[in-house]
Amino acid sequence: MNCVQDQFKIPWSKPSIGNEELEAVEHVIKSGWLTQGKITNEFELLLSEYLSSNVITVNNGSSAITCALLAHGLKPGDKVLVPNFTFFATYSVPKMLGADVIVADVDESTLNITPEAVEKIVSVEDVKMVIVVDVAGLPVDIDAFTDLSRRYNFILIEDAAEALGSEYKNKKIGSFDHTAIFSFHAAKQITTVEGGCISSNDEKIIKKITQIRDQGRSTSGEYVHNEIGSNFRTTDLQSAIGIEQLKKIDNFLKVRNKIAAEYKANIKELSFQQIPDYVSKHSYMMFFALAENQQIRNRYLDSLRSNEVDARISWLPLHNQPVNTELSNNIYPKSDKIYNNSLTLPIYNSMTDDEIKFVLDTCKNV
């Protein structure tokens, strides 16, 4: 999704870039070292401290998924299970790597994949990896999926591209034993314009990812390659922005939670993504609102957009994507219901009280 569209008075999202980020970028430019270097190392250390894990940065969230899957030994023909309702990269990356990708329907109240849906498949299929997705920043039930991964012997990967700062049972997403990936796209909680990272408490996995992102070599600048890799590196320019953004994340998340609370308290005809008890913090990268039916959803969508509020329809479920003809005959009623009845409202770090009020007033006039 493009994060800003000029024709809207209130965009769907926009990055919050201040003087601190501009000065940090200027410092890197003047240093003469623009690509991945010591500033990126510093950013990785700060992220590792924030997540209480080991963190490696890459150039975007899709690259993060790619590196994670390769580091865990994905081979062509391996079966990978993903949720049917997710951003396309969760599916396309393993598909491009030659995996046999299986999709499962999601829960219509949380929008996330459920342990029950996964167990139904892994109990009869030899699934090597399961990628769970924290939709809009809402954590999945990590304990339940961890238990399943042990019982059915699959590798658990968490696509937390939208969940930086979210917490499961008072513990940050990305700090658990399994591998998790994040995105720093311009619409995310913090941004490096494009960018992403992988967190893992397994130092062997981190070492592999370090090599994979740098053409498979263990020492950058040398020409000895120990793994099959590619160029997934980020730059010190982006990392300099990331360092300044990470300093502000607590305030950014407060703003996002305030916006979400205002929407929930004042929009009466719509319902919202359900937050289970195990979620101790939702970082609200996106804000989903759900109507009783598609007609009501469209009424809200048309009114908001005609009043220059960039509300949007969510992702088309994987089984309805034009390229996925092999899935087109499958039935995923909950994903279809979410797609047909939901919209996402504007939410971003610099959103003002007046902008929130304008969105709310527009909704009230539907």
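Caption draft 1: Spotlight on the sheet that holds strand E4 (residues 129–133). Strand order in this open sheet of seven strands is E1-E9-E8-E5-E4-E2-E3, and the pairing throughout is mixed. Each edge of the open sheet carries a strand with a single partner, namely strand E1 (54–58) and strand E3 (100–104). Along the sheet, successive strands turn relative to each other by an average axial angle of 20°, direction set aside. When strand E2 (residues 79–83) meets E4, the two strands line up parallel, connected through two bridges. The partner of Val80 across the bridge, within E4, is Met129.

Caption draft 2: Representation of the pattern of salt bridges within the structure. As enumerated under the stated definition, the model contains 20 salt bridges in all. Put simply, Arg299 and Glu269 hold a salt bridge, and the shortest N to O gap is 3.6 Å. Of this pair, Arg299 sits in helix H10 (residues 294–306) while Glu269 is found in the loop between helix H9 (249–266) and strand E10 (271–272), placing the two residues 30 residues apart along the sequence. Connected via shared salt-bridge partners are Glu20, Glu21 and Lys248.

Caption draft 3: Highlighting the confidence of the model for the protein. On average, residues of the protein carry a pLDDT of 96, and 98% of them reach 70 or more. Ignoring residues within four places in sequence, the model shows residues 1–5, a span with pLDDT below 50, making 23 contacts including any to other chains.

Caption draft 4: Structural view of the side chain of Ser283. Counting through the fold element by element, Ser283 comes out in the loop between strand E11 (279–281) and strand E12 (287–290). A polar atom in the side chain of Ser283 sits 3.5 Å from the backbone oxygen of Leu164. Within polar-contact distance, the side chain of Ser283 engages the side chain of Gln189 at 2.7 Å. When residues no more than four places from it in sequence are discounted, the contact partners of Ser283 are Gly137, Glu162, Ala163, Leu164, Gly165, Ser166, Gln189, Leu253 and Arg256.

Caption draft 5: Summary view of unusual backbone geometry. A positive phi angle, close to 65°, is found at Ala136, a residue other than glycine. Mapped onto the secondary structure, Ala136 falls in the loop between E4 and helix H6 (142–152). Given a relative accessible area of 0%, Ala136 falls into the buried group. Here Val193, not a glycine, exhibits a phi torsion of approximately 75°, which is positive. For Val193, a relative accessible area of 49% puts it in the partly exposed group.

Caption draft 6: Representation of the nonpolar core in the model. Formed by 56 residues in total, the largest nonpolar core has its most connected members in Leu81 and Val118. Examining the composition of this core, we find that five residues originate from one element, helix H2 (residues 38–51), more than from any other. Filtering out sequence-adjacent residues up to four positions away, Val118 remains in contact with Leu81, Ile113, Val130, Phe145, Leu148 and Phe154. In terms of nonpolar packing, the next biggest core, distinct from the first, is built from 30 residues, Leu69, Met129, Ile209 and Leu318 among them.

Caption draft 7: Quick look at helix H1 (residues 19–31). Spanning 13 residues, H1 covers 18 Å between terminal C-alpha atoms, matching the ideal 18 Å at 1.5 Å per step. Every buried residue of H1 is accounted for by Glu21, Ala24, Val25 and Val28. Around the axis of H1, the buried residues are gathered within 100° of arc, so they sit on the same side. More than 90 degrees from the buried face of H1, the exposed residues found are Asn19, Leu22, Glu23, His27 and Lys30. Immediately downstream of H1, the backbone of Gly32 shows phi near 90°, a positive value.

Caption draft 8: Inspection of the sheet that holds E10 at higher detail. Strand order in the open sheet made by the three strands is E10-E12-E13, with antiparallel pairing throughout. Where the open sheet ends on each side, the last strands, each with one partner, are E10 and strand E13 (342–345). Bridge count between E10 and E12: two bridges; the pairing is antiparallel. Directly across from Ser271, in E12, lies its bridge partner Leu290.

Caption draft 9: Geometry of the packing of aromatic side chains. Counting across every chain of the model gives ten aromatic pairs. Seen from their ring centres, Tyr168 and Phe176 are 5.9 Å apart, and the 70° between their planes marks the pair as edge-to-face. This pair shows no difference in class: Tyr168 is buried, exactly as Phe176 is. Every member of this aromatic cluster is reached through a ring pair, and the members are Tyr263, Phe272, Tyr284 and Phe287.

Caption draft 10: Region of the structure containing the pairing of E4. Taking burial as the measure, the five residues of E4 include five buried ones, the bulk of the element. Side chains Met129, Ile131 and Val133 project from E4 onto one buried face, and the interleaved Val130 and Val132 project onto a second face that is buried too. Note: E4 against strand E5 (residues 155–159), five bridges, orientation parallel. Paired with Val132 across the two strands is Glu158, which belongs to E5.

Caption draft 11: Looking closely at the environment of Ile212. Secondary-structure assignment places Ile212 in helix H7 (residues 203–212). Note: C-alpha distance between Ile212 and Arg233 (21 residues apart in sequence) is 9.6 Å. Not counting chain neighbours up to four residues away, the residues in contact with Ile212 comprise Cys67, Leu70, Ala71, Glu227, Ile228, Gly229, Ser230 and Phe232.

Caption draft 12: The environment of Glu203, seen in detail. For Glu203, the position within the fold is in helix H7. Residues Glu203 and Val55, 148 residues apart in the sequence, show an inter-C-alpha distance of 9.9 Å.

Reading guide: rules and limits
- The numbering scheme is per chain: residues are counted from 1 as the chain's sequence reads.
- The predicted origin of the model limits local features to residues at a pLDDT of at least 70 and limits the giving and counting of side-chain atom pairs to 80 or more, whereas totals for whole chains, interfaces and linings rest on all residues.
- To get the side-chain values, take all heavy atoms of the structure and skip hydrogens and water.
- Here, strands pair whenever DSSP counts at least two bridges between them.
- Working definition: helices are DSSP H or I runs of at least four residues, strands are E runs of at least two. Numbering for both runs from the N terminus.
- To get an axis, a line is fitted to the C-alpha atoms, and for a helix only the part in contact is used. The angle between two axes follows their N-to-C directions and goes from 0 to 180 degrees.
- We count a salt bridge whenever a side-chain nitrogen from Lys or Arg sits within 4 Å of a carboxyl oxygen from Asp or Glu.
- The predictor attaches a confidence to each residue, called pLDDT, with possible values from 0 through 100.
- Here, residues are in contact when the closest pair of their heavy atoms is within 4.5 Å.
- N or O atoms within 3.5 Å of each other form a polar contact, as long as, within protein, one can give a hydrogen and the other can take it, and as long as residues adjacent in sequence are counted only when both atoms are side-chain atoms.
- Residue burial is assigned from relative accessible area. The probe radius is 1.4 Å, only protein chains are included, and a residue is buried under 20% of its type maximum, exposed over 50%, and partly exposed in between.
- Residues belong to a common nonpolar core when they are buried Ala, Val, Leu, Ile, Met, Phe, Trp, Tyr or Cys residues joined through side-chain atoms within 4.5 Å.
- Given the number of residues in a helix, its expected span is that number minus one, multiplied by 1.5 Å.
- The arc in question is formed by the directions pointing from the helix axis toward the C-beta atoms.
- Only Phe, Tyr and Trp rings are paired, with Trp represented by its six-membered ring, and only when their centres lie within 6.5 Å; those with planes under 30 degrees apart are stacked, over 60 edge-to-face, the remainder tilted.

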